[in-house]
Every structure is written in C-alpha cells, then in structure tokens.
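A look at the structure
Chain by chain, the residues:
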Amino acid sequence: MRRIFTAVHAVLAVFAVATLALGSGNLFAQDAVPKDAPYKNAHLPVDQRVADLLKRMTLEEKATMLAGSGWMESAPIERLGIPSIKMADGPMGVRSWAGSSAITNAASNPVRVETTSFPSGVDMAATWDADLVEREGRAIGEEVKALGRDMILGPTVNINRQPLWGRNFEGYGEDPYLAARLGVAYIKGVQSEGVIPSLKHFAVNNEEFERHRIDVTIDERTLHEIYFPAFKAAVEEADVWTVMSAYNKVNGVHCGEDKYLLRDVLKKEFGFKGFVVSDWGSTYSTAPTVNAGMDLEMPGGPQARAMITSPRSIMSGNSGTWLESAKVLAEVKAGNITETTIDDNVSRILRVIFESGIFDHPHAGGGEVDTPEERAVALQGATEGIVLLKNEGEMLPLAAAKIHTIAVIGPNAAVARTGGGGSSLVRPKHAIDPLDGIRGLAGDRVKVSYALGVGMEGEDPAQDTPEARAKALKEATDAAGQADVAVVVVGRYNKLESEGFDVKTMDLPAGQDELIEAVEKVNPRTVVVLNTGDPVTMSKWIDQTPALLDMWYGGQEGGAALAKILFGDANPSGKLPVTLPKKFEDSPAAANYPGKDLEVKYAEGIYVGYRYFDTKNVEPQFPFGFGLSYTKFEYSGLQTSPVKGGKGEWLVTAKIRNAGKRAGAEVVELYVHDGHSKIDRPVHELKGFKRVELQPGETKTVEFTLDRAAFSFWNPATKAWQANAGRFEVQMGASSRDIRLKGTLELAR
Ligand code: BGC
C-alpha cells in the first residue's frame, strides 16, 4: 500500500515539476553548463557565484536541496556539480555517522569510526580558555576533513538552566557571556579548517523531558539576555555558517517553524547569512516550515522515511520528510511558498558550500585522526578543565615522597567515562581511565590498589545484588584502610546522563554516597573525584571530605589529566561554569521543572544560575566561577578609564600576582553591577574573563575593554538593547562570590 502511494506521489511530482519548470521562465535552467561558468571560478566573489549557479537551476533541483538525501548527507545536484554536504555528529570530536544514536551507539554497529574523544562541553567551559577552545575546534575540523566529511554538528551553546538536563555536559555552562565567548572560539577554529560547524540548538533547548513536545513559555527579555547571546555572537563575530533549530516549542510554536526565531531574530535581527538546518526529525509541516526560515530538513531520503515510520520515533515525537521536493513543489504550485523563498533557502546553502571551500576543494578523506597534536589538545582541555573544589590542609597535590600506597576506588575509577550519551558520544581509539592515569604517573614509587566499591547503577546486574554490593563495599574499605590515601571516583555514565532523557535526580547514583561515607570513615585522607556533567548533591559527605575535584567528562585523556593534577604535575586552574546548588530545590528552575501538561514556564526569567543565587542570597554548595589552585593569587590596583578616541568603551585594568610557590594560572572574572537601573537587574553579570599564567612571584596586568553592550539590558518596550547613562560598579574576582576588587565608572549618555 505504501509503495503504491509513493509511486503515485512520484508521478505527480514529476508532472508538477515539469509544469513548474516550464512556467518558471528560467531560461538558463535547462541549458548545458559551460566549462567556464562563473560559479565554477574560485576567484569570483561568493555572491556572484551563488547568483550564477542559482539561475542555472531548475525549480525542481532547487526544491531537492531543501531536504537531505540520507542520514547525514544533504542532496547533491550532480548535473551542476553541487556536492552533497557530508555531515558528522559532534561536538566533542567526530562521531561515526552510521545512523541515529541508537544505531551508531549500538554495540553491534559494524561501522566503527574511531576518533579523538575531546573533553565534554562543560569541561571545556571549565577551562575558561577561549584560545584552547579555538584550538580544539581546529583539531576537530582537521579530523572531520581527515575522514572525508564536511560538517560537524556542534557546538552546543544551550544554557545549562537547571541541574537535571540530560545534555548539560554538552553545554558551555549557565552564563550567556561565557557560552558566547567559547561558542565563537569553537566556530572560528572549525571554520578556519574549511569545515562547516552547526551551532545548536536554536533555541531554549534546556531539558530532554518530552523534547519534541515540550513548550517553553518565556518572555522576550529573557530570550535576549540569557538564551540568545551565544547565537548572536556566533553570527556577528564568527559569521557562523549553519545554525540547527531545536526540537522543542517556544511560546506555542515548534522551533523548526517559528518565524519569530528563524526569520525575525536569527536572520533579520542578528544578520545570519548561512543556512538553518532542522534538528533530526523536528519538522512538522511543509509551507509553514519553509516560510518560517528553515533552509534544510535533516535527515532525508530513505533514512528519513524509515525514521518517521519507526515506532520508537513515533513515540518520541520525531517527525520529518516534510521538505521532500514533491511536497515543497506542491506547495509552490498551490501558491503557499514563493519561488523567491526557495531561492533564498538554496542561496544560503550554496553560499556555505562556496564559502567553506568544499565546492572547489572537496574533502577527499583518508587522513590521519587522533594525531599526537590532537591528543595534546584533548589532554590540555581535560587538565585545564579540572576544578579543585576543596583542599583542606593542602592535602593535594599528593607528595609522592611521603605516600607509599594509594587506593583508587569507585565505579568511575577503572573505566574511562569520556562523555555523556547520545549523538555526541565519540568512540576513541584509546582512553585513559583514572586508575590507568594514576598508575602511569605513580610509577614504581607508589603502590596503587583498586576496588570497585559499588557497581554503576544499572550497568551490570551482577553487581546489583545485596551480596555483591556488600562484598564490593568491604573490598573498598579494606583497600582504603590499608592505604595512605584513598581516591574515590564517582559520578554517572552515558546511560544515566544522556541526550534523550533527563537525569532522574541530582543525587549520585545508587550506593555512591554510602561508598564515600564508608571510605572516609576508614581513611580520613580521602580525595573525592566527580566524573559527571551535571551537578550532584554532596550534603551527606561534603563536610567530612578534605579534598574534592570535578573532572567532568574529560574525554579520552581524562584519567591522565586527573593524575597530573593529583600529583601536582599540573596546577588546577579550572573554574565552575555552573553554580553547584546544595540541592535541586534550590535551583531557580526547580519549581517549574519539567513543566505541567507539556508546558514549561521559564518563570525565573533572567534569574538563571548565579544571577539568581547571588541576587536572592541563596547559598550554593559552590558558586559560579569558583575553583582553587595549589598557589595563591593576589589582586590589586583596579583602575577604570574611558577608552581614548573610542565610542564610549571603558578600560578596566588590575594587577594579578602569584603569591605562592608554584606556577599556576588564575581565571580573573569581571562582573558589572548596575546600581542605578530603574528596571530589575541581577546584582551582577559576567562581562569579561581572562586566564592568566603566572610564575611564582610574578605579576601581570590584566586588561578588559567594556563596550556599551556590557552595560545593557533588553528593553521589551522598545525591543532594543539599552544602556542607561550613569554610575556602574565593576567587580573583579575569583568567583561570583569572591569579589576582590571594585571600581566605578560613569557611563556617558
Ligand atoms: C540531536 C542533535 C544531533 C542530531 C543528529 C539529534 O537527536 O539533538 O544534536 O546533531 O540528532 O544526530
């Protein structure tokens, strides 16, 4: 029955196309293409090439380009030499493109593409090192090319609004300024390799619960101040080539057919010139989707047809095949989509094909991946991203001379938990788990023992019986009791923390709190290490824990990075890109999560993360921007001065000194406080940061330039950014709650 329907459809489509092509009045369209057609000339400006190519295309060819031809390929037009854009998932490295997450991640999947597994997004955000993120983008771009692909589906710049989002590990944290800086850096890195990034997911995609059906109710100011800035910056500063729309609805409309989001904001307000690609299976109509500004529906072809008929997809709310050419052409014929609109869609795709260079220099593949340079970037990211949260009595770094035995314990100790689950999961060639890393650096000097302590919840049923649990716990306490130091590595894994569903609870998985408590009882010299992308509840053990590290999901080099930090071969410099609340209920979004009747009200508005905790005086477990070092930094001499000959910008400078005995790096944070605003504003907002490397005793001057945007809020009445003239306070510090220096400045009218 389905086959008959498809055949009838195809005949109708051909008929419709023939009629339309004839009626389109496009004289060039059917002509043979001369060898020297201007669009083939790499020396001509991109706009000219696009215009020339467009006028040679039939309407049918144009319509074909609006939907993919496979799971990860756009449609080629061979007659004109238009290549298919070959995509691969990301963003934490290049993921195999064999099919949906379910297929690609399945153990039985025969397609094994092994690439460098870079640290998770939240881990990279914890480095606060935009240069490093740009290098990571470049390294990933190199691997995309080496594999003969053209496009990487990342970065993810959705804000980590609340602790339970299954994809918090992919995001760059809770602050729009931080996410914007890192998103821009990643995109610049990828694009510098002639590889196409896809900035995702536009917009307000901050929970996985019913991700296709959930409707976010949100006001315009919050959109502009919290959820849009990373997208805006990527368009304005990096000229990002593609943006992926989100699954969810915003104010009643699916993002894929939201004219306000795609046309009015992204394309008009921000000036986006690239193309919008749908998230996989997130289209629900033909004309409304195209007219809203969707340029390319993914996936396409047989894979898309298989997807929409699979019971699993139907249940989750996946939908697609709406932009297949027959459907698009029928709407054009009916007058519901204009040819001008189709021309705009196609021009955008062509522009990216020319701009990226894939038309003139296709990526042939066959290159090397996981090169020493790429691995070095992954290791540096993992190392810089580790956050030292507690270090009583300077327990860390471990003095190898005094320590003879270390017990390494926990469900995340002897397995490399490189990332969370879903489409971002990368298969590395090799990965170093914490135990490997510690053994590698301890060498012969220190005896390293290992005990599981507790099985990872849901991973291995054999570990989940009362007997097995009692045995594992006893082995752990025995090992810890005999060791000079215990290192307990806890957290989640990619089946508990993943795309597709939210994390059940902020509490650690079953038995892990008890494991920490039991180990700490037998050995007070215990280091707890968190290996997870979401915040966790620590109330049961935090007061007894002398040393605490967060290594997030550190990618394939995570264990090596951890060992370097533990033994002091590297000095921790990571800072929290998210507030760690004491309990889930403290989160400003908790009262409105996951929503009611498939609607989630963003009632906290602009008060996300520290904007809420600091303004409303709610004590977090650890504040945004917090992270300790093995050395000490002193801040002094803050000065503000107007930039000479500038357009109202202000210069803020201060001195940072390494007052300790070890080399180290400090992330200096700059917040702006608006003391005279008539409208409600958070007590302060991050508007600058710098990671400064300092030798013992060394002093450096840090310099920040604040433009008007740094003082502005979004005025919903005028639908514009506004900075009120008057006195502002600038605050420089080591976290949102550790402000070391303050100054004032007078913003001119
Ligand atoms: C995810 C995207 C991903 C796409 C393709 C979707 O489920 O939300 O981030 O790029 O699948 O795998």
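The structure presented is a predicted model; accordingly, all values stated were derived computationally and were not measured.

Some details on the site of the ligand
In the vicinity of the ligand there are 13 residues, among which Asp89, Arg167, His201, Asp279 and Glu499 approach most closely. The contact in question runs from an oxygen atom of the ligand to an N or O atom on the side chain of Tyr247, over 2.8 Å. Coverage of the ligand by the protein chains reaches 96% of its 310 Å² of free accessible surface. Its residues assigned to classes, the shell around the ligand shows five nonpolar, two polar and six charged.

Details of the packing of aromatic side chains
In this structure the tally under the stated criterion is 17 aromatic pairs. Between Tyr39 and Phe359, the ring centres sit 5.9 Å apart and the planes meet at 70°, which makes this aromatic pair edge-to-face. Taken together, the residues span a long stretch of sequence, with Tyr39 in the loop between α1 (2-23) and α2 (46-55) and Phe359 in the loop between α15 (339-356) and α16 (372-385) at a distance of 320 residues. Using a relative accessible area of 0% as the deciding quantity, one classes Tyr39 as buried. Take Phe359: its relative accessible area is 16%, and that puts it in the buried class. Taking the centre distance of 5.9 Å and the plane angle of 85° together, the rings of Tyr177 and Phe689 count as edge-to-face. Remark: Phe689 occurs in strand β20 (residues 685-694) and Tyr177 occurs in helix α7 (residues 176-191); sequence separation between them is 512 residues. Residue classification places Phe689 among the buried positions, given a relative accessible area of 12%. The rings of Trp128, Tyr177, Tyr610, Phe624, Tyr671 and Phe689 are connected pair by pair, giving a single aromatic cluster. Arg181 extends its terminal NZ or CZ atom over the ring of Tyr177, reaching a point 5.8 Å from the ring centre. Its end group placed over the ring of Trp322, Lys327 keeps NZ or CZ at 5.4 Å from the ring centre.

Description of the environment of Thr640
Checked against the element boundaries, Thr640 lands in strand β17 (residues 633-642). Each C-alpha atom, one on Thr640 and one on Lys742, is 9.8 Å from the other, the two residues being 102 residues apart in sequence.

What to know about the sheet that holds strand β3 (residues 196-197)
Spatially, three strands are ordered β1-β2-β3 in an open sheet, and the strand pairing comes out parallel. Looking at the sheet topology across the chains shown, the edges are occupied by β1 (87-89) and β3. Alignment of β1 against strand β2 (residues 151-153), held across three bridges, turns out to be parallel. Bridge pairing links Asp89 to Leu153 in β2.

Here's the deal with the pattern of salt bridges
Throughout the structure, instances matching the rule amount to 52 salt bridges. We note a salt bridge from Asp344 to Arg348, for which the minimum N-O separation is 3.2 Å. With Asp344 and Arg348 both in helix α15 and four residues apart, the pair spans about one turn of that helix. Take Asp344: its relative accessible area is 25%, and that puts it in the partly exposed class. In this structure, Asp586 engages Lys583 in a salt bridge whose closest nitrogen and oxygen atoms are separated by 3.0 Å. Judged by its relative accessible area of 12%, Asp586 falls in the buried class. Overlapping salt bridges, with partners in common, bring together Arg167, Glu170, Glu208, Arg211 and Glu499 in one network.

Some details on the environment of Tyr602
Relative to the assigned elements, Tyr602 resides in the loop between β16 (599-601) and α21 (610-615). On a C-alpha basis, the gap between Tyr602 and Thr217 in space is 6.0 Å, while along the polypeptide they are 385 residues apart. Contact partners of Tyr602, with chain neighbours within four places excluded, come to Arg161, Val204, Asn206, Val216, Thr217, Ile218 and Tyr227.

Comments concerning the pairing of strand β15 (residues 547-550)
Burial along β15 is two-sided: the residues Ala547 and Leu549 and Leu548 and Asp550 are all buried. Relative to β15, strand β10 (residues 387-391) is paired through four bridges, and the arrangement is antiparallel. Bridged to Val387 within β15 is Asp550. In the sheet, strand β14 (residues 526-531) pairs with β15 via four bridges, with the strands oriented parallel. Paired with Val528 across the bridge in β15 is Leu548.

Points about the environment of Pro76
Looking at where Pro76 falls in the secondary structure, it is placed in the loop between α3 (59-64) and β1. You can call Pro76 partly exposed: its relative accessible area is 29%. A sequence separation of 15 residues divides Pro76 from Glu61, and the C-alpha atoms of the two residues are 9.3 Å apart. Beyond its immediate stretch of four places on either side in the chain, Pro76 contacts Ser69, Ile82, Pro83 and Ser84.

Some remarks on the nonpolar core
Core analysis: the biggest nonpolar cluster contains 114 residues, and Phe202, Trp280 and Leu350 have the highest contact counts within it. With residues near it in sequence (within four places) discarded, Trp280 still touches Trp71, Met72, Met87, Leu153, Met244, Tyr247, Met298, Pro299 and Asn318.

Section: the sheet that holds strand β8 (residues 253-254)
A sheet is described by the order of its strands in space; here four strands give the open sequence β8-β7-β5-β16, paired in mixed fashion. Both outer strands of the open sheet, β8 and β16, are each paired with one neighbouring strand and no more. Relative to strand β7 (residues 249-250), strand β5 (residues 215-217) is paired through two bridges, and the arrangement is parallel. Note that in β7 the partner of Asp215 across the bridge is Lys249.

Some points on the pairing of β14
Among the six residues that make up β14, six are buried, leaving the element largely enclosed by the rest of the structure. Of the two faces of β14, the one carrying Thr526, Val528 and Leu530 and the one carrying Val527, Val529 and Asn531 are both buried. Bridging between strand β13 (residues 485-491) and β14 involves six bridges; their strand directions are parallel. Looking at β14, one finds that Val489 is bridged to Val529.

Re α16
The terminal C-alpha atoms of α16, which comprises 14 residues, lie 20 Å apart, in line with the 20 Å expected from a rise of 1.5 Å per residue. Those residues of α16 not exposed but buried are Glu374, Val377, Ala378, Gly381, Ala382, Thr383, Glu384 and Gly385.

Points about the confidence of the model for the protein chain
Residue-level pLDDT values for the protein chain average 95, and 96% of them are 70 or greater. Across residues 1-25 the pLDDT falls below 50, and counting only partners more than four positions away or on other chains, this stretch makes 11 contacts in the model.

Remarks on unusual backbone geometry
The omega torsion of the bond from Gly154 to Pro155 falls at 10°, within 30 degrees of zero and hence cis. Structurally, Pro155 is set in the loop between β2 and α7. In the Ramachandran plot, Asp370 falls in the positive-phi region, its phi being about 60° despite a non-glycine side chain. Residue placement: Asp370 occurs in the loop between α15 and α16. Relative accessible area serves as the criterion here: at 4%, Asp370 is assigned to the buried category.

Description of the side chain of Ser285
Considering the arrangement of structural elements, one finds Ser285 in the loop between β9 (275-277) and α11 (287-292). At 2.5 Å, the side chain of Ser285 forms a polar contact with the side chain of Glu257. Aside from chain neighbours lying at most four places away, what touches Ser285 is Glu257, Trp322 and Leu323.

Thresholds applied
Residues numbered from 1 in each chain as written. Predicted model: local features only at pLDDT ≥ 70, side-chain atom pairs only at ≥ 80, totals over all residues. Heavy atoms only, no water. Near = heavy atom within 4 Å. Polar contact = N/O pair within 3.5 Å; in protein donor to acceptor, adjacent residues only side chain to side chain. Areas by Shrake-Rupley, 256 points an atom, 1.4 Å probe, with all protein chains shown as cover. Nonpolar A, V, L, I, M, F, W, Y, C, P; charged D, E, K, R; others polar. Phe/Tyr/Trp six-rings, centres within 6.5 Å; stacked < 30°, edge-to-face > 60°. Helix = DSSP H or I, 4+ residues; strand = E, 2+ residues; numbered from the N terminus. Buried < 20%, exposed > 50% of the residue type's maximum accessible area, 1.4 Å probe, protein only. Lys NZ or Arg CZ within 6 Å of the ring centre and 35° of its normal. Pairing = 2+ DSSP bridges. Salt bridge = Lys/Arg side-chain N within 4 Å of Asp/Glu carboxyl O. Contact = heavy atoms within 4.5 Å. Core = buried A, V, L, I, M, F, W, Y, C linked by side-chain atoms within 4.5 Å. Expected span 1.5 Å × (residues − 1). pLDDT = per-residue confidence, 0-100.

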